[in-house]
Amino acid sequence: MITARQSRAARALLGWTQETLADKAQVSLTALKRLESENGLDVYETTRDQVGRALVSVGIVLLSTDRGHGVLLVDDRENRKA
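Quick summary incoming for the structure in this document.

### Section: the environment of Leu-62
Within the secondary structure layout, Leu-62 lies in strand β1 (residues 60-65). Through-space distance from the C-alpha of Leu-62 to that of Met-1 is 8.7 Å; in sequence the pair is 61 residues apart.

### A closer look at the side chain of Ser-7
Structurally, Ser-7 is set in helix α1 (residues 4-14). Here Glu-36 takes part through its side chain, which lies 2.7 Å from a polar atom of the side chain of Ser-7. If we skip the residues at most four places from it in the chain, Ser-7 touches Ile-2, Leu-21, Leu-32, Leu-35, Glu-36 and Val-51.

### What about the nonpolar core?
If you look at the biggest cluster of nonpolar residues, it comprises 15 residues, and the most contacted ones within it are Leu-21, Val-27, Leu-32, Val-51 and Leu-55. Contributions of two or more residues to this core are made by α2 (18-25), α3 (29-36) and α4 (45-56).

### What about the environment of Ala-22?
Assignment of secondary structure puts Ala-22 in helix α2. When the C-alpha positions of Ala-22 and Leu-41 are compared, they lie 17 Å apart, and in sequence the two are 19 residues distant. Residues contacting Ala-22, with those up to four places away along its chain left out, are Val-27, Ser-28, Leu-29 and Leu-32.

### Observations concerning the pattern of salt bridges
In this structure the tally under the stated criterion is four salt bridges. With a shortest N-O distance of 2.7 Å, Arg-8 and Glu-38 are connected by a salt bridge. Of this pair, Arg-8 sits in helix α1 while Glu-38 sits in the loop between α3 and α4, and the two are 30 residues apart along the sequence. Looking at Arg-8, the relative accessible area reads 29%, which means it is partly exposed. Between Arg-53 and Asp-49 there is a salt bridge, with the nearest N and O atoms lying 2.8 Å from each other. Highlighted residues: Arg-53 and Asp-49, both in helix α4, separated by four residues, approximately one helical turn. Assessed through its relative accessible area of 38%, Asp-49 is described here as partly exposed.

Quick notes on the rules
- Residues numbered from 1 in each chain as written.
- Predicted model: local features only at pLDDT ≥ 70, side-chain atom pairs only at ≥ 80, totals over all residues.
- Heavy atoms only, no water.
- Helix = DSSP H or I, 4+ residues; strand = E, 2+ residues; numbered from the N terminus.
- Polar contact = N/O pair within 3.5 Å; in protein donor to acceptor, adjacent residues only side chain to side chain.
- Contact = heavy atoms within 4.5 Å.
- Core = buried A, V, L, I, M, F, W, Y, C linked by side-chain atoms within 4.5 Å.
- Buried < 20%, exposed > 50% of the residue type's maximum accessible area, 1.4 Å probe, protein only.
- Salt bridge = Lys/Arg side-chain N within 4 Å of Asp/Glu carboxyl O.

Encoded structure:
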């Protein structure tokens, strides 16, 4: 499950605005803003899932351990050449 911080961090790595991510994830901008809010607003699981899938599809890896959460941008251009 993607967290607010992971979503914001992933957008920063990609250089995307909230509008871009909302479009790519096919969710409303309002829903994305709720997800990225630090106020603990309720967000549908489907929204979290769609946002997470959109980010993973462009190379973002969502990291979760007992010590915290993070994101990684995988650059697989080398693999695409083969």
